[in-house]
Amino acid sequence: MKYYNKNTNTILSEQEYLELIEKEAKELYPEYLEEVPDDEDPMDFDKYKMRLIEMESDFEVIEE
């Protein structure tokens, strides 16, 4: 499976895509933790990463 970024006209392998998501999640997760209200339980990192994947709109899955 490959992932196409329509904004940059780039194709990533599944491994490259997952590495990119992992990198973005590691950068954004601390900020997310700071913004979670004190009366809410924060998502664990893996769930947060999956949510980023679900919300990703720049990439489209392309079949080989």
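Treat the numbers as computed from the prediction; the structure is a model and nothing was measured.

Here is what the cut-offs are and how they apply
- Residues numbered from 1 in each chain as written.
- Predicted model: local features only at pLDDT ≥ 70, side-chain atom pairs only at ≥ 80, totals over all residues.
- Heavy atoms only, no water.
- Pairing = 2+ DSSP bridges.
- Helix = DSSP H or I, 4+ residues; strand = E, 2+ residues; numbered from the N terminus.
- Axes fitted to C-alpha atoms, helices over the stretch in contact; angles between N-to-C directions.
- Contact = heavy atoms within 4.5 Å.

S.K.: Hey, could you go over the sheet that holds strand β3 (residues 59-62) for me, with residue numbers and the actual values?
M.R.: Sheets are built from strands that pair by backbone hydrogen bonding, the pairs being arranged parallel or antiparallel. Read from one edge to the other, the open sheet built from three strands follows the order β2-β1-β3, with strand pairing classed as antiparallel. In this open sheet, the two strands that pair with only one neighbour each are β2 (10-13) and β3. Between one strand axis and the next, the sheet turns through 30° on average, direction left out of account. When strand β1 (residues 2-5) meets β3, the two strands line up antiparallel, connected through four bridges. Directly across from Y4, in β3, lies its bridge partner E60. Of the strands in this sheet, β1, β2 and β3 touch helix α1 (residues 14-35), which is tilted by about 95° from β2.

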